[in-house]
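Listed below, chain by chain, are the residues.
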Amino acid sequence: MAGYFLYSLDTGSVEKFLADPTSDQLTRYAKPLAKSLQKQRDDLEPTDPLHDWPTDAEALTPLVQQRLATIDWYADLSVRGKGLWEGAAFSFLTDKRSRKEFNFRAESDGISFTILEKLHEHFGVAADTVTDRMFTQFGKMPLRCRYRQLDRPSWEDFCDGLVYVPWHGVHSTADAAQLIEELKAAEPTVLADDDAEVEREYAEELLPMLEKIVKKQRLLFVQVDT
């Protein structure tokens, strides 16, 4: 089933990593990025900062450390560069060591796209458009990503690799609380079709999971599955 896989992370542990990553964490972050650069660096635009980065993990580590210290890891990267960096971020956050360090927990076996589509319908926001509403950012905002695709990308541009569309997101406790408010406001639209599976996902999975994350002050990790 295409949709979202939902997990949670310990907020304090992730914040500690962002503020002062250990040498081991830097190395683990650099390794998947090095592998990607070995295969795809020549495909990057010459103006992309990653274009001139080394493909050896050890040599990459200080450059990774510098970028991790910035407030936006993605802003100056090309579309392909954003994808490479996101891939490294995802690999790092989900590796065996990180799962233990960040208390990585599975929260749901899967939520279909339907509920989020209903939120777009209720609030009159076009699909694939990102606004200040949390449901439009769901699964589209990796760590330290301030990038906004404000206009809906065309299918042709997406297929041609001309737009960056993230495939995972890491959302704060405040984001989760905002999403709860949006879900409750849109509840009549979400449940309008008397779809038993949608009702179950809404009442038994998504809403209780978000409320638990807010109560425990954890981060919401969303993986988009297409």
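Residues numbered from 1 in each chain as written. Predicted model: local features only at pLDDT ≥ 70, side-chain atom pairs only at ≥ 80, totals over all residues. Heavy atoms only, no water.

**A short note on the overall build of the chain**
- The number of helices and strands found in the chain is 11 helices and 4 strands.
- Summarising its shape, the C-alpha atoms of the chain cover approximately 55 × 40 × 30 Å along the three principal directions.
- Of the contacts formed within the chain by residues at least 6 apart in sequence, a portion of 74% connects residues at least 24 apart.
- Taking the average location of the 27 positive side-chain charges in the chain and that of its 40 negative ones, the two points are 8 Å from each other. (Helix = DSSP H or I, 4+ residues; strand = E, 2+ residues; numbered from the N terminus. Contact = heavy atoms within 4.5 Å. Lys, Arg positive; Asp, Glu negative; His and termini not counted. Charge placed at Lys NZ, Arg CZ, Asp CG, Glu CD.)

**Digging into the sheet that holds strand β2 (residues 105-112)**
- The strand order across the open sheet formed by 4 strands is β2-β1-β4-β3, and the pairing between neighbours is antiparallel. Two strands close off the open sheet at either side, each with one partner strand: β2 and β3 (168-171). Sheet twist, expressed as the average angle between the axes of neighbouring strands with direction ignored, equals 20 degrees.
- Where strand β1 (residues 3-9) meets β2, 5 bridges bridge the pair, whose relative direction is antiparallel. By the bridge assignment, S8 is partnered in β2 with R105.
- Each of β1, β2 and β4 (219-225) touches helix α11 (residues 196-216); the most contacted strand, β2, lies at about 145 degrees to it. (Pairing = 2+ DSSP bridges. Axes fitted to C-alpha atoms, helices over the stretch in contact; angles between N-to-C directions.)

**Points about the packing of helix α6 (residues 114-123) against helix α9 (residues 173-185)**
- One way to put it is that α6 packs onto α9 with a least axis distance of 10 Å and a crossing angle of 70 degrees. Judged on the interaxial angle alone, α9 and α6 are roughly perpendicular. On α9, the residues that touch I115, L119, H122 and F123 of α6 are L179, E182, L183 and A185.
- Its residues placed into classes, the contact of α6 with α9 shows 6 nonpolar, 1 polar and 1 charged. (Parallel < 35°, antiparallel > 145°, perpendicular 65-115°, else oblique. Nonpolar A, V, L, I, M, F, W, Y, C, P; charged D, E, K, R; others polar.)

**Here's the deal with the side chain of T173**
- As for its position among the elements, T173 is in helix α9.
- Take T173: its relative accessible area is 12%, and that puts it in the buried class.
- If sequence neighbours within four positions are ignored, T173 has contacts with T11, I213, V214, Q217 and R218. (Buried < 20%, exposed > 50% of the residue type's maximum accessible area, 1.4 Å probe, protein only.)

**A look at the pattern of salt bridges**
- Under the criterion given, the structure shown has 12 salt bridges.
- One salt bridge in this structure joins R28 and D24, with 2.6 Å as the shortest N-O distance. Here R28 pairs with D24, and both are found in helix α2 (residues 23-40), just 4 residues apart, close to one helical turn.
- When its relative accessible area of 12% is taken as the criterion, R28 is described as buried.
- Between E107 and K212 there is a salt bridge, and its shortest N-O distance comes to 2.8 Å. Of this pair, E107 sits in strand β2 while K212 sits in helix α11, and the two are 105 residues apart along the sequence. (Salt bridge = Lys/Arg side-chain N within 4 Å of Asp/Glu carboxyl O.)

**Digging into helix α4 (residues 79-94)**
- Counted at 1.5 Å a residue, the expected span for α4 with its 16 residues is 22 Å, and the 23 Å between its end C-alpha atoms agrees.
- Within α4, 12 of the 16 residues are buried, which leaves it mostly tucked inside the rest of the structure.
- The set of residues buried in α4 consists of G81, K82, L84, W85, E86, G87, A88, A89, F90, F92, L93 and T94.
- Buried positions along α4 lie against α1 (11-19), α2, α3 (57-68), α5 (96-101), β3 and β4. (Expected span 1.5 Å × (residues − 1).)

**Comments concerning the side chain of D72**
- The residue D72 is located in the loop between α3 and α4 in this model.
- A residue is classified by how much of its surface remains accessible, and D72, at 15% relative accessible area, is buried.
- One polar contact links the side chain of D72 to the main-chain amide nitrogen of Y74, over a distance of 2.8 Å.
- Of the polar contacts made by the side chain of D72, one reaches the backbone nitrogen of A75; its length is 3.2 Å. (Polar contact = N/O pair within 3.5 Å; in protein donor to acceptor, adjacent residues only side chain to side chain.)

**A word on the packing of aromatic side chains**
- All chains considered together, the criterion is met by 17 aromatic pairs.
- Ring centres of W73 and W85 lie 6.0 Å apart, and the angle between their planes is 65 degrees; on these two criteria the pair is classed as edge-to-face. With W73 in the loop between α3 and α4 and W85 in helix α4, this residue pair connects regions lying 12 residues apart in the sequence.
- The exposure class of W73 is buried, given its relative accessible area of 1%. (Phe/Tyr/Trp six-rings, centres within 6.5 Å; stacked < 30°, edge-to-face > 60°.)

So yeah, pure geometry; function would need other evidence.
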